[in-house]
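# Residue-level structure breakdown
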Amino acid sequence: MRQTFWLAVVLVVQSGAVLAQGGQPAGPSASPPGAAVYFIDLKNGATIPPSSVVHFGLRGMGVTAAGLQKDNSGHHHLLIDTDLPKLNEPIPNDLNHLHFGAGQTEATLDLPPGEHTLQLLLADHKHIPHSPPVMSERIKVIVKEAAASEPTTAQKGARHPSPKDAKVYIVSPRDGGYVSRTPLIRFGLENMGVAPAGFAKANTGHHHLLIDTDLPPLDRPIPNDANHLHFGAGQTEAKVSLPLGQHRLQLVLADENHVAHDPPVVSKPITVNVTASGQAPRRKRHKRRR
């Protein structure tokens, strides 16, 4: 019996396939021993409000944006009310499979009341889970409406004041410039400080990058999706993944609850042109006829 077992292991290794839990083959990017992903502030069976911030923890690996290939790194995916996807294929991108390809380490969840399941799954630059897969425990949460006597800051409509002459802006790239598919966006801030999400401190906030979208309602938490990227860890730059073509970028600073200040601290929108080379296309020279 023992010989048969070791023979099976040898055959798997020789074939280049690594089986994950449930017998699924895992993806091509290797994960280091001891790597783990987990929910920092959420436990199995927890009761949460319909809109809540969830923080992702990662041990033994680094976080990099989608499209950026780097050993021992990846980006987060949150599975909601669904089983694990195929672990040797790109993770789907839909309402049950949320991608955080800009390297986000938190998410604002808006869930209907009732019981839901949540699970984290790390993936490489191609959105394919690692081998072996780095995934959290699948937990259950119960979503309940907040009591009428205990409204949240956002429900009250309260907004933190911003100091005079506060300014947020995009340092680079420049407006109208040419960039690659995974450009590094640098954020600038004047007359305010940067503080992570969930940390209340006067005259501070954290960055949100809007991609190809108009400003959201500024008296509510900023959405967290592919067009509204949150940088709740206090990041002042980020690599993002953009398809070829022209795109519109804009920064909004927000408080610990992801609500814009009053008055809002918003950058001037810029446009960037994404090309395969990251450079302006060359003009074709026409030969003169003799």
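First, a word on scope: everything that follows refers to the structure included in this document.

The rules we used
- Residues numbered from 1 in each chain as written.
- Predicted model: local features only at pLDDT ≥ 70, side-chain atom pairs only at ≥ 80, totals over all residues.
- Heavy atoms only, no water.
- Helix = DSSP H or I, 4+ residues; strand = E, 2+ residues; numbered from the N terminus.
- Buried < 20%, exposed > 50% of the residue type's maximum accessible area, 1.4 Å probe, protein only.
- Contact = heavy atoms within 4.5 Å.
- Areas by Shrake-Rupley, 256 points an atom, 1.4 Å probe, with all protein chains shown as cover.
- Pairing = 2+ DSSP bridges.
- Axes fitted to C-alpha atoms, helices over the stretch in contact; angles between N-to-C directions.
- Polar contact = N/O pair within 3.5 Å; in protein donor to acceptor, adjacent residues only side chain to side chain.
- Phe/Tyr/Trp six-rings, centres within 6.5 Å; stacked < 30°, edge-to-face > 60°.
- Lys NZ or Arg CZ within 6 Å of the ring centre and 35° of its normal.
- 1 Å grid on protein atoms, 1.4 Å probe; cavity = no way out; pocket = protein on both sides within 12 Å on 5 of 7 lines; lining within 4 Å.
- Points joined across faces, edges and corners; volume = space filled by probe spheres on them.
- Nonpolar A, V, L, I, M, F, W, Y, C, P; charged D, E, K, R; others polar.

The subject of this paragraph is the overall build of the protein. In terms of helices and strands, the protein carries 2 helices and 18 strands. For the protein, buried positions account for 42% of its 290 residues. Within the protein, contacts between residues at least 6 apart in sequence are counted, and of these 69% link residues at least 24 apart. Accessible surface, the protein as shown: approximately 16300 Å² in total, 51% of it carbon and sulfur.

Strand order in the open sheet made by the 3 strands is β1-β3-β7, with antiparallel pairing throughout. Edge strands, defined here as strands with exactly one partner in the open sheet, are β1 (36–39) and β7 (106–110). Averaged over all pairs of adjacent strands, the angle between strand axes in this sheet comes to 25°, irrespective of strand direction. One ladder, built from 5 bridges, connects strand β3 (residues 51–59) with β7; its direction is antiparallel. Paired with V54 across the two strands is A107, which belongs to β7.

The subject of this paragraph is unusual backbone geometry. Note the cis peptide between S131 and P132, where omega equals -5°. Relative to the helices and strands, P132 is located in the loop between β8 (114–123) and β9 (139–143). Notably, D212 is not glycine yet its phi reads approximately 55°, a positive angle. Along the chain, D212 turns up in the loop between β14 (204–211) and β15 (228–230). Given a relative accessible area of 39%, D212 falls into the partly exposed group. Positive phi is not limited to glycine here, since H258 has a value of about 70°. With respect to the element layout, H258 can be found in the loop between β17 (245–254) and β18 (270–274).

For the rest of this paragraph, the subject is the side chain of H75. Of note, H75 is situated in strand β5 (residues 73–80). Here D124 takes part through its backbone oxygen, which lies 3.4 Å from a polar atom of the side chain of H75. In contact with H75, other than residues within four places in its own chain, are T64, A66, F100, G101, L121, L122, A123, D124 and H127.

The next point concerns the pairing of β8. For β8, the tally of buried residues reaches 8 of 10 residues, placing the bulk of the element in the interior. Across 6 bridges, β5 lies against β8 in antiparallel orientation. Looking at the pairing, L78 lines up with L120 of β8. Bridge count between β8 and β9: 5 bridges; the pairing is antiparallel. When the bridges of β9 are listed, L118 appears paired with I139.

With that settled, the discussion passes to the packing of aromatic side chains. Enumeration over the complete set of coordinates arrives at 2 aromatic pairs. Over the face of the ring belonging to Y169 we find K167, whose NZ or CZ atom lies 5.5 Å from the ring centre.

Bringing the sheet that holds strand β16 (residues 237–239) into the picture now. The sheet built from 3 strands is open, its strands ordered β10-β12-β16 with antiparallel pairing. Each edge of the open sheet carries a strand with a single partner, namely β10 (167–172) and β16. Within this sheet the neighbouring strands show an average axis-to-axis angle of 25°, counted without direction. Examined bridge by bridge, β10 and strand β12 (residues 184–190) share 5 bridges and lie antiparallel to one another. Note that in β12 the partner of S172 across the bridge is R186.

What follows covers the pairing of β12. Sheet topology places β12 next to β16; 3 bridges connect them, and they run antiparallel. By the bridge assignment for β16, I185 is matched with A238.

Attention now moves to the layout of surface pockets. The volume enclosed by the largest pocket comes to roughly 690 Å³. As for the largest pocket, its lining consists of 33 residues, of which L98, H99, N224, D225 and A226 are closest to the centre. Listed by contribution, the elements that provide at least two residues to the lining of the largest pocket are β6 (97–99) and β7. Within the lining of the largest pocket, the residues separate by chemical class into 17 nonpolar, 11 polar and 5 charged.

All quantities given are derived from atomic positions and should not be read as evidence of function.
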